[in-house]
Amino acid sequence: MHAGSRFFFMMVLSILLLPAASYAGDDVRQILDKFAASRTDISYIGLQSVVTLNGEMVGASKYRVSRYLSEMERMERLDEKNSAIEVVIDDRKSLFRYVPDNNTVYKDHSNLAGLTPAIMKESMELAKANYDVEVLGRDTIANRECIKVLFKPKHNDRPSRQLCLDATFGLPLRTEIHDSSGKVMTVSSFSKITFSPVFPDNYFMLMVPQRTRVIELQEIPNLTLVSAAKILGAPVPLPAYIPQGYALREISLIGKSAPYNVQLAYGDGLTTLSVFQDLKKNSIQGRSMRKISLGDGNDGYL
């Protein structure tokens, strides 16, 4: 490890990442196959609420989520009158986040670009090694029948998930994320959803007023250890410890030019653990390190 490097960890609790688990029986296998296919093979539009619980603090947001296969996605964060206060559009080339109150568009790399069959297959294998699955029964969400599935981690250092998957399309209509003690951390649920809608022309095109600022986030994503080392001119420093079951999935270099900050993204098939490195200072982006709670008894440093 580079002597001047510091690491901090961020647990990203991914609601709609590709799932999988150890299983037995054709029924469960079919359920998981539908769930995996829902990331690429279906189109929909729906209203989704997300509630996060952190001790006594409760956060709630409402979204209008639209998806066309794995090619385009539009997500709008809504206020109490269902007006958009933030719009995110991903066209598989770039991701654009528009904040009207700031009159600003932030341009970043696409999240959809990473949805390739090879990457999804690798995620499936990782999840099989790290989670057990149990079918709990049936329920109804947003007037649609769904199948309740529990993904229980084999290592008691990460969240479990209880999902309610649409019986026809496999999309998660409701997701509960629980810490290792069983406490609910995050709940997301659709109240309305329509599959295979006909989207209006230019629906996935971001329309903003004139004189809107555009800020392009400086990042080189989707690197490997070899390609990142070529850019850095030296091997990428790696953390001395990563929890069991996580594998390095992606490397990103952050910044306009060298010296870059480095992001290492590790995954276990369901949960992503990100490690950020500042190779030039003993602090993250020039700030003093401060301890933060990541939930589930884990701490990180910013």
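Treat the numbers as computed from the prediction; the structure is a model and nothing was measured.

Peer 1: So, the overall build of the protein chain: which residues are in play, and what are the values?
Peer 2: Scanning the protein chain from terminus to terminus reveals three helices and 19 strands. Residues counted as buried form 44% of the 302 residues belonging to the protein chain. In the protein chain, the share of contacts with a sequence separation of at least 24, taken over all contacts with a separation of at least 6, comes to 53%. Only carbon and sulfur atoms are counted for the fraction: they give 51% of the accessible area of the protein chain, which is about 16100 Å².

Peer 1: Requested: an account of the state of the cysteines, with residues and values cited.
Peer 2: For the structure on display, the rule yields one disulfide. Put simply, Cys 146 and Cys 164 are joined by a disulfide, and their sulfur atoms are 2.0 Å apart. Between Cys 146 and Cys 164 the sulfur-sulfur dihedral comes to about 60°; the bridge is accordingly right-handed. One end of the pair, Cys 146, is in strand β9 (residues 144–153); the other, Cys 164, is in strand β10 (residues 160–166), and 18 residues separate them in sequence. On the basis of relative accessible area, Cys 146 is assigned to the buried category, the value being 0%. Take Cys 164: its relative accessible area is 4%, and that puts it in the buried class.

Peer 1: Let's hear about the nonpolar core: which residues, and what values?
Peer 2: Residues Tyr 44, Ile 141, Leu 171, Leu 173, Phe 190, Ile 193 and Phe 195 are the most contacted members of the largest nonpolar core, which totals 14 residues. Secondary-structure elements contributing two or more residues to this core are β2 (43–54), β3 (57–68) and β12 (184–195). Excluding anything up to four places from it in sequence, Ile 141 contacts Cys 146, Cys 164, Leu 173, Arg 174, Ser 189 and Phe 190.

Peer 1: Before we move on, can you summarise the environment of Ala 60 with the specific residues and values?
Peer 2: The residue Ala 60 is located in strand β3 in this model. You can call Ala 60 exposed: its relative accessible area is 66%. What Ala 60 contacts, discounting residues up to four positions off in sequence, is Val 50 and Val 51.

Peer 1: How would you sum up unusual backbone geometry? Please name residues and give values.
Peer 2: Here the bond from Ala 258 into Pro 259 is cis, since omega is 0°, no more than 30 degrees from zero. Looking at the secondary structure, you find Pro 259 in the loop between β15 (247–254) and β16 (261–267). Positive phi values are uncommon outside glycine, yet Ser 196 reaches one of about 55°. Note on placement: Ser 196 falls in the loop between β12 and β13 (213–216). If you check the backbone angles, Arg 211 has positive phi at about 70° while not being a glycine. Relative to the helices and strands, Arg 211 resides in the loop between β12 and β13. Accessibility expressed as a relative area gives 81% for Arg 211, which makes it exposed.

Peer 1: Give me the lowdown on the confidence of the model for the protein chain, citing residues and values where you can.
Peer 2: Mean pLDDT over the protein chain works out to 83, with 84% of the residues at or above the 70 mark. Note on residues 1–26: pLDDT under 50 across the span, and 104 contacts to partners over four residues away in sequence or across chains. Note on residues 282–302: pLDDT under 50 across the span, and 46 contacts to partners over four residues away in sequence or across chains.

Peer 1: Can you tell me about the environment of Leu 126, naming the residues and giving the values?
Peer 2: Position of Leu 126 relative to the elements: it lies in helix α2 (residues 117–130). Between the alpha carbons of Leu 126 and Ala 247 there is a distance of 8.0 Å; along the sequence they are 121 residues apart. Contacts of Leu 126, omitting those with residues within four sequence positions, involve Gly 245, Ala 247, Arg 249, Gly 267, Asp 268 and Gly 269.

Peer 1: Which residues make up the pattern of salt bridges, and what are the values?
Peer 2: Enumeration according to the criterion identifies 11 salt bridges in this entry. For Arg 74, the salt bridge is made with Glu 76, and the minimal N-O distance between the two is 3.4 Å. The residues Arg 74 and Glu 76 share a single accessibility class, namely buried. Residues Glu 86 and Arg 97 are paired through a salt bridge, measuring 3.3 Å at the closest nitrogen-oxygen approach. Here Glu 86 is found in strand β5 (residues 84–90), whereas its partner Arg 97 is found in strand β6 (residues 94–99), with 11 residues between them in sequence. Looking at Arg 97, the relative accessible area reads 31%, which means it is partly exposed.

Peer 1: Requested: an account of the pairing of β15, with residues and values cited.
Peer 2: Direction of pairing for strand β14 (residues 219–223) relative to β15: antiparallel, over a ladder of three bridges. Residue Leu 223 lies in a different strand from β15, and its bridge partner there is Ile 251. Bridging between β15 and β16 involves seven bridges; their strand directions are antiparallel. Its bridge partner lying in β16, Leu 248 is registered against Tyr 266.

Peer 1: Describe the packing of aromatic side chains, and please don't skip the residues or the numbers.
Peer 2: Within this structure, the stated rule accounts for seven aromatic pairs. Between Phe 35 and Phe 151 the ring centres are 6.3 Å apart and the planes differ by 50°, which places this aromatic pair in the tilted class. Taken together, the residues Phe 35 in helix α1 (residues 26–37) and Phe 151 in strand β9 connect sequence positions 116 residues apart. Given the relative accessible area of 1%, Phe 35 is considered buried. Assessed through its relative accessible area of 0%, Phe 151 is described here as buried. Consider the rings of Tyr 203 and Phe 204, whose centres lie 5.1 Å apart with planes at 90°: the pair is edge-to-face. Neither Tyr 203 nor Phe 204 differs from the other in exposure class; each is buried. Among the aromatic residues, those joined into a cluster by ring pairs are Tyr 44, Phe 169, Phe 190 and Phe 195. In this arrangement the basic side chain of Arg 74 is found over the ring face of Tyr 203, its NZ or CZ atom lying 5.1 Å from the centre.

Parameters at a glance
Every residue gets a number counted from 1 within its own chain, in the order that chain's sequence is written. Only residues with pLDDT of at least 70 get local features here, since the model is predicted, and only at 80 or more are side-chain atom pairs given and counted; chain-wide, interface and lining totals rely on the full set of residues. Values reported for side chains reflect all heavy atoms of the structure, with hydrogen atoms and water molecules removed beforehand. Secondary structure follows DSSP: runs of H or I at least 4 residues long count as helices, runs of E at least 2 residues long count as strands, and numbering of each begins at the N terminus. Accessibility here uses a 1.4 Å probe with only protein chains present; expressed as a share of the type maximum, an area under 20% marks a residue as buried, one over 50% as exposed, and anything in between as partly exposed. Any two residues having at least one pair of non-hydrogen atoms within 4.5 Å are treated as being in contact. To be clear on the numbers: accessible area is Shrake-Rupley with a 1.4 Å probe, and residue cover counts the displayed protein chains and nothing else. What counts as a disulfide here is a pair of cysteine sulfur atoms lying within 2.5 Å. Think of a nonpolar core as a cluster: buried Ala, Val, Leu, Ile, Met, Phe, Trp, Tyr and Cys residues, connected wherever their side-chain atoms sit within 4.5 Å. Residue-level confidence of the predictor, termed pLDDT, takes values from 0 up to 100. Salt-bridge detection follows one rule: a side-chain nitrogen of Lys or Arg within 4 Å of a carboxyl oxygen of Asp or Glu. The criterion for strand pairing is that DSSP finds at least two bridges linking the strands in question. Within 6.5 Å between ring centres, the rings of Phe, Tyr and Trp (the latter by its six-membered ring) count as paired, and their orientation is classed by plane angle as stacked under 30 degrees, edge-to-face over 60, tilted in between. Criterion for a charge above a ring: Lys NZ or Arg CZ within 6 Å of the ring centre, and within 35 degrees of the ring normal.

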